[in-house]
Amino acid sequence: MKDSDSLKDYRRVRRLAIRSLFEIIEQSSEGTVIVDKDARIVWINERYARRFGLEDPSRAVGQPCEKVIPGSLLRQVASNGQPILLDMMDTAKDPLVVMRLPIHDDVGGVIGAIGFALFDELHALSPLLKRYLSMQQELASTRSLLRARQAKYSFAQFIGTSAASLEVKRRARRSASTDSPVLLMGETGTGKELLAHAIHNTSPRAHKPFVSINSAAIPETLLEAEFFGTAPGAFTGADRRGRQGKLRLAEGGTLFLDEIGDMPLPLQSKLLRVLQEKEYEPVGSNEMIKTDIRLIAATSIDLEAAIKRGEFRADLYYRLSVLPIEVPPLRDRLDDMPALTEAILEELHSQHELEPGAMTMLGHHAWPGNIRELRNVLERAALLSDDTQLTADDIRVAIGTVVPHTPAASQRRTEPVLNETYNDARQRFDRELIQAKLAQCRGNVILAARQLGLGRSTLYKKMAALGIAESQ
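Numbering of residues begins from 1 in every chain and follows the order in which that chain's sequence is written. Given that this is a predicted model, residues contribute local features only at a pLDDT of at least 70 and side-chain atom pairs are listed and counted only at 80 or more, while totals for whole chains, interfaces and linings are drawn from all residues. Remark: hydrogens and water are excluded; side-chain values derive from all non-hydrogen atoms of the structure.

### Describing the packing of helix α15 (residues 370–384) against helix α16 (residues 392–399)
- The angle between two axes is taken between their N-to-C directions and runs from 0 to 180 degrees, where each axis is a line fitted to C-alpha atoms and a helix contributes only its stretch in contact. Secondary structure elements follow DSSP: runs of H or I no shorter than four residues count as helices, runs of E no shorter than two count as strands, and numbering proceeds from the N terminus. Between α15 and α16, whose axes approach to 9 Å, the crossing angle comes to 120°. Between α15 and α16, the crossing angle belongs to the class labelled oblique. By crossing handedness, the relation of α15 to α16 is classed as right-handed. Contacts between α15 and α16 involve V377, L378, R380, A381 and L384 from the first element and D394, I395, V397, A398 and I399 from the second.
- In the contact of α15 with α16, the residues fall into eight nonpolar, no polar and two charged. Put simply, angles under 35 degrees are roughly parallel, angles over 145 are roughly antiparallel, angles from 65 to 115 are roughly perpendicular, and the rest are oblique. Crossings are classed by handedness, with left-handed meaning an anticlockwise turn of the near helix from the far one by less than a right angle and right-handed meaning a clockwise turn. Contact criterion: two residues are considered in contact whenever any of their non-hydrogen atoms come within 4.5 Å of each other. Note that Gly is not counted as nonpolar here; it falls among the polar residues with everything else outside the nonpolar set of Ala, Val, Leu, Ile, Met, Phe, Trp, Tyr, Cys and Pro and the charged set of Asp, Glu, Lys and Arg.

Here it is in structure tokens:
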């Protein structure tokens, strides 16, 4: 076969393909219309003509397309030669999905346009639209979950320039560059969770999830499932599809375990395996799941004392305390008080300022609730005061019962008393220490016992032996 014959054959096949494609679309579509360069109708099929009120399609020939088909964009396509592949066109009956294509002559010039109404009433597209809407909902839900699992705070929000504060931030920043566990220790309200957020936000995992779980806030019976997740139908009432635990949600990111000292011993051993073997087993499952998380733990109790009481595993403590950070109480960083009060009042959008006497009053309180208590006191004082200048009396009323902060007195406790026996000195020290702690905890024996690292019954026995009344 000669090359010229092959070329003719190719052209014939192409011409037949174009004609077949037109016939297939014309027969299966809801309507077809052809216009010339001036957007006047050259041809329209019967189905399309009847849709727009014409029983005889020939009556549409020669008329502007917009007169027969209101809202048509075929004039635009015939003018600029740009196709409109998929579009929605409203009609008096129902909306249509349409396609508009330019028509070219043998030398490539635009001589008209052709339009196809592909789908009527969107019935053919309903499965696609449902799928699209479902995907949009899943995407919105995922975005919402990711926003909820992002760290909120940075080191700039840990206010303070005292030596104690700067040391905490220095150690925390250094810990951010590693994947080793971090143990944040300190009283309640000192800012341990804020530091956990800041460490994550400064780490290489910052773009991954930050997931927190409070061991003291979840019942012991549910804590394991909350932590490791459950297999489908793991127990009566469990989700038949299974449930992801916090470990799975934190994959690739940071898991923050708050109040880890309250974690039950059986769960402590499983957490140790996670840290050592990088794997865990969901509740009710026999499948081991590999995990990649960075762990930050926080506690307000003395873990070393808890180890002695048999309430915390020593091996877990040593694994967690690779990078221990002691967060000082507010009473040990009073130099930060002016900056803290200014930042808190600004956060509260308050116009109030503190008189010198008010600042002095803040320094006399021991702040058992630390920064959290300071914020509550300032907010209460601002709400109760009719003046923009907060006085010492305003602060005193807002605090309620002032717990004296007397570092000099605590220093005197270490000084020996002449002619005092060892047992007398020890009893005096115990009495002063317990009395100070009870005053700091506003008489809350359970809280005082926790902060002293003692069992509640042990503290009650010591109080009775030392003649300390519970109301102190």
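Now, onward.
### A word on the environment of T230
- Tracing the sequence through the fold places T230 in strand β8 (residues 229–230).
- In this structure the C-alpha to C-alpha distance between T230 and V283, which are 53 residues apart in sequence, comes to 4.5 Å.

### Things to note about the pattern of salt bridges
- Salt bridges are defined by distance alone: a side-chain nitrogen of Lys or Arg within 4 Å of a carboxyl oxygen of Asp or Glu. Tallying each qualifying case throughout the model produces 18 salt bridges.
- R273 is the partner of E279 in a salt bridge, and the nearest nitrogen-oxygen pair spans 2.5 Å.
- For E279, a relative accessible area of 13% corresponds to the buried category.
- With a 1.4 Å probe rolled over the protein chains alone, any residue whose accessible area is under 20% of its type maximum counts as buried; one over 50% counts as exposed, and the rest are partly exposed. Overall, R273 belongs to the partly exposed group, its relative accessible area being 36%.
- Residues R309 and E311 are paired through a salt bridge, measuring 3.0 Å at the closest nitrogen-oxygen approach.
- What makes E311 partly exposed here is its relative accessible area of 39%.
- One continuous salt-bridge network, built from bridges that share partners, spans D179, R205 and D292.

### Digging into the confidence of the model for the protein
- Per-residue confidence from the predictor is reported as pLDDT, which spans 0 to 100. Taken residue by residue, the protein gives an average pLDDT of 83. The fraction at 70 or more is 85%.
- Considering only residues more than four positions removed or in separate chains, one finds that residues 408–414, a stretch of pLDDT under 50, has four contacts.

### Considerations on α15
- Helix span, as expected, comes to 1.5 Å for every residue beyond the first. In this model, α15 (15 residues) spans 21 Å end to end at C-alpha, consistent with the 21 Å of a helix rising 1.5 Å per residue.
- Elements that come into contact with the buried residues of α15 comprise α13 (337–347), β15 (353–354), α14 (356–364), β16 (389–390) and α16.

### A short note on the packing of aromatic side chains
- The criterion for an aromatic pair is that two Phe, Tyr or Trp rings (for Trp, the six-membered ring) have centres within 6.5 Å, with stacked assigned to planes under 30 degrees apart, edge-to-face to planes over 60 apart and tilted to the rest. One pass over the structure, following the stated rule, counts five aromatic pairs.
- Here the aromatic rings of F227 and F228 are separated by 4.8 Å at their centres, their planes lie at 80°, and the arrangement is edge-to-face. Here F227 and F228 have matching classes, each one buried.

### Observations concerning the environment of S321
- Its location among the elements puts S321 in the loop between α12 (314–320) and β14 (323–326).
- Looking at S321, the relative accessible area reads 17%, which means it is buried.
- In this structure, the C-alpha to C-alpha distance between S321 and P181, residues 140 residues apart in sequence, is 7.1 Å.

### Brief notes about the nonpolar core
- With 30 residues, the main nonpolar core has L255 and L257 as its most contacted residues.
- Looking at this core element by element, the count peaks at five residues for helix α10 (residues 265–277).
- If we ignore the near neighbours within four places in the chain, the residues touching L257 are I213, F227, M263, L271, L295, I296, A297 and A298.
- Nonpolar cores are built from buried Ala, Val, Leu, Ile, Met, Phe, Trp, Tyr and Cys residues. Side-chain atoms within 4.5 Å join them into one set. If you look at the next biggest cluster of nonpolar residues, it comprises 22 residues, including V35, I44, A60 and M89.

### Re the pairing of strand β2 (residues 41–44)
- Here, strands pair whenever DSSP counts at least two bridges between them. Pairing between strand β1 (residues 31–36) and β2: three bridges, direction antiparallel. Across the sheet, residue V35 finds its bridge partner in β2, namely I41.
- Counting the residues between successive antiparallel strands, the hairpin from β1 to β2 contains four residues, one of them, A39, with a positive phi of roughly 65°.

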